[in-house]
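This is what each chain is made of:
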Amino acid sequence: MSDTILQQLDEDGVLLITLNRPEKKNAFNKEQWVAFREAINAAKDSPKVACVVITGAGKDFSSGVDLNDMANADGDSEHPFVSSARALLDFDKPLICAAKGVAVGGGATLLLNADVVYVGDSLRMRFPFVQLGLVPEWGSSYTLQQVIGARRAAELMYTAEWINADRACEVGIATAQVSDDGLLDQAMCKAREIAQWPISSLVATKRLMRQVHVNNVHAANDREQEEMMRLAGSPENIESVMAFLEKRQPDFKQFRK
């Protein structure tokens, strides 16, 4: 197993998954996508796992996709980003996220697929897709609207604004705000409270609660991937990536002439 994903299963049936690239703000590279997918699928199939908690190593949750890694991706094969999304969308056990620091892009959309979300005081969250010349991912064009409503979702997606812990709780993305120091303890405590019940009942209940949404989430994810492929490599997308690498503001007005 890759050390980009750490796993620890306790005697109560709570699996702690830690995104472990702190030097990169836990940005996902290809290796980490594969490890994340395998961890999620194994947790789904394991009779010992009742509840999963996801957190990030160091000061941050996740800054999303490692742009350097995506720039070097093999265009002739399916990137594990795609299968990781499917694994997360199909995960049928209770999922809790404990997020502090940066939660951007995939780090933000991952939270939308959790059942319970605790955020630390230091949270800085963002859906940056329009700024990147791209579209939302992991079904978030649907799930963000489902969680917080269409108008609030549109504002956050269209502006790519930064969201702090107070704002995340205000709009309903987060279940509760906790101090950074107490964040993981709160998440693990809630996970153990959930994990005391029969796994079969927890799985059946989650499936019932998601039934009304599951087809829409998968349809959104499929459509997002189509649009992502269409826009990836566009002049606007290239300008955004180059601006990021060169540490400058992108200039999109040049494409409006």
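Reading the values: the criteria
Throughout this document, residue positions are counted from 1 along each chain, in the order its sequence is written. Only residues with pLDDT of at least 70 are given local features in this predicted model, and only at 80 or more are side-chain atom pairs given and counted; all residues enter the totals for whole chains, interfaces and linings. Hydrogens and water are ignored here; the side-chain numbers use all heavy atoms of the structure. The helix count covers DSSP runs of H or I at least four residues long, the strand count covers runs of E at least two residues long, and both are numbered beginning at the N terminus. We compute the radius of gyration over the C-alpha atoms and compare it with the globule rule, which gives 2.2 Å times the number of residues raised to the power 0.38. Residue exposure (1.4 Å probe, protein chains only): buried if accessible area is under 20% of the type maximum, exposed if over 50%, otherwise partly exposed. Definition of nonpolar core: a set of buried residues of the types Ala, Val, Leu, Ile, Met, Phe, Trp, Tyr and Cys, connected through side-chain atoms within 4.5 Å. Residues are treated as being in contact if the distance between any of their heavy atoms lies within 4.5 Å. To estimate how far a helix should reach, multiply one less than its number of residues by 1.5 Å. Any two strands are treated as partners once DSSP identifies two or more bridges connecting them. Simply put, an axis is a line fit to the C-alpha atoms, just over the touching stretch for a helix, and the angle between two N-to-C directions goes from 0 to 180 degrees. A residue counts as positive if it is Lys or Arg and as negative if it is Asp or Glu; His and the chain ends are not included. By salt bridge we mean one thing: a side-chain nitrogen of Lys or Arg within 4 Å of a carboxyl oxygen of Asp or Glu. Whenever two N or O atoms come within 3.5 Å, that pair is a polar contact, provided that in protein one can donate a hydrogen and the other can accept it, and provided that, for residues adjacent in sequence, both atoms are side-chain atoms.

Observations regarding the overall build of the chain
- For the chain, the helix and strand inventory stands at 10 helices and 9 strands.
- Its C-alpha atoms give the chain a radius of gyration of 18 Å, within 12% of the compact-globule value 18 Å for 257 residues.
- Projected onto its principal axes, the C-alpha coordinates of the chain cover approximately 60 × 40 × 40 Å.
- Split into buried and exposed, the 257 residues of the chain put 51% on the buried side.

Details of the nonpolar core
- Ranked by size, the top nonpolar core spans 49 residues in total, and within it F36, I54, F127 and I173 carry the most contacts.
- With 6 residues, the top contributor of residues to this core is helix α1 (residues 30–45).
- By size, the runner-up hydrophobic cluster in this structure holds 17 residues, among which are A50, A98, Y118 and M188.

Overview of the environment of A114
- Secondary-structure assignment places A114 in the loop between α4 (106–112) and β6 (116–120).
- The class of A114 is buried, set by a relative accessible area of 15%.
- Taking C-alpha positions, A114 is 9.7 Å from L89, a pair spaced 25 residues apart along the chain.
- Contact partners of A114, with chain neighbours within four places excluded, come to L95 and C97.

Some words on α1
- Compared with the 22 Å implied by 1.5 Å per residue over 16 residues, the 23 Å span of α1 between its first and last C-alpha is a close match.
- Within α1, burial applies to Q32, W33, A35, F36, A39, I40 and A43.

Here we look at unusual backbone geometry
- With a phi angle near 55 degrees, W138 is a residue other than glycine that sits in the positive phi range.
- Structurally, W138 is set in the loop between β7 (124–126) and α5 (140–148).
- If you check the backbone angles, K247 has positive phi at about 55 degrees while not being a glycine.
- In this fold, K247 is placed in the segment after α10 (235–245).

Brief notes about the sheet that holds strand β1 (residues 5–9)
- Across the sheet, 6 strands lie side by side as β1-β2-β3-β4-β6-β9; this open sheet has mixed pairing. The sheet is open, and its two edges are formed by β1 and β9 (176–178), each paired on a single side. Ignoring which end each strand starts from, the neighbouring axes of this sheet average 20 degrees apart.
- As paired strands, β1 and strand β2 (residues 14–19) are joined by 5 bridges and run antiparallel to one another. If you follow Q8 over to β2, its bridge partner there is L16.

What about the side chain of K93?
- One can find K93 in the loop between α3 (80–89) and β4 (95–99).
- Buried and unpaired, K93 has D92 as its nearest opposite-charge partner, separated by 6.1 Å.
- Polar side-chain contacts of K93 include one of 2.8 Å to the backbone oxygen of A43.
- Within the structure, the side chain of K93 is placed 3.3 Å from the backbone oxygen of K44, a separation counted as a polar contact.
- Apart from residues no more than four positions distant in its own chain, K93 is found in contact with A43, K44, S46, V49, A50, D115, I199, V203 and K206.

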